Amino acid sequence: MSHSLLVTLHLFAAILFVGTVFFEVLILEGIRKPLGREAMRNVELAIGRRARRIMPFAILVLFGAGLGMAWGFRDSLAHPFASSFATLLWIKIILAFSVLGHFITAMTLSGTGKLKSRHFQIIHISVFCHVILIVFLAKAMFYLQW
């Protein structure tokens with residue numbers, strides 16, 4: 001698969017995933033108090049059901065395209081401290097797998113009915129911080145050098 005196609009697929013999947021995270025953290029957290037505990041719980045359950053249908057596909061495309069692109073940089077990745085690019089790419093990959101771990105945890109807790117409102121908040125704020133760093137690193141690894 002061409003690098004351009006991988007970048008495009010990765011970008012669209014990232015927009016879907018990161019956009020959802022931004023919505024949940026910046027919009028939903030802002031309506032938590034006015035809605036009240038029970039209404040917010042219903043919103044979180046509805047979002048969770050929808051996310052379980054859409055997000056696995058987005059994650060699959062995101063990671064599939066990401067791994068395809070990483071394969072093209074395998075020589076750089078073999079020496080993580082040889083260049084700023086390789087170091088930043090490794091950090092981005094580690095953060096991405098951490099987000100995947102968060103996602104799997106949230107889906108597992110949600111699927112078993114154990115995802116509490118507090119878990120929902122903590123996971124989303126953590127993922128929000130991760131994706132901010134990932135988006136920054138996606139650009140920084142091409143522009144920052146040391």
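A. Here's a closer look at the pattern of salt bridges. For the coordinates displayed, the defined rule picks out one salt bridge. Note that Arg 32 is salt-bridged to Glu 29, the shortest N-O span being 2.9 Å. Residue Arg 32 and its partner Glu 29 are both found in helix α1 (residues 3-35); the two are separated by three residues, about one turn of the helix. Arg 32 gets classed as buried once you look at its relative accessible area, which sits at 14%. Taking the relative accessible area as the measure of exposure, Glu 29 reaches 21% and is therefore partly exposed.

B. Layout of a positive patch on the surface. A surface patch of positive charge is lined by Arg 49, Arg 50, Arg 52 and Arg 53. Relative to the assigned elements, Arg 52 resides in helix α2 (residues 37-72).

C. Region of the structure containing the environment of Asp 75. Tracing the sequence through the fold places Asp 75 in helix α3 (residues 74-77). Classification of Asp 75 as exposed rests on a relative accessible area of 63%. Taking the C-alpha atoms as reference points, Asp 75 and Ala 86, eleven residues apart in sequence, are found 9.1 Å from one another.

D. Broad picture of the side chain of Gln 121. One can find Gln 121 in helix α5 (residues 117-143). Each residue touching Gln 121, except ones within four places of it in the same chain, is listed here: Glu 29 and Arg 32.

What counts as what
Residues numbered from 1 in each chain as written. Predicted model: local features only at pLDDT ≥ 70, side-chain atom pairs only at ≥ 80, totals over all residues. Heavy atoms only, no water. Salt bridge = Lys/Arg side-chain N within 4 Å of Asp/Glu carboxyl O. Helix = DSSP H or I, 4+ residues; strand = E, 2+ residues; numbered from the N terminus. Buried < 20%, exposed > 50% of the residue type's maximum accessible area, 1.4 Å probe, protein only. Patch = residues over 30% accessible without salt bridge, like charges linked within 9 Å, V, L, I, M, F, W, Y side chains within 5 Å. Areas by Shrake-Rupley, 256 points an atom, 1.4 Å probe, with all protein chains shown as cover. Lys, Arg positive; Asp, Glu negative; His and termini not counted. Charge placed at Lys NZ, Arg CZ, Asp CG, Glu CD. Contact = heavy atoms within 4.5 Å.

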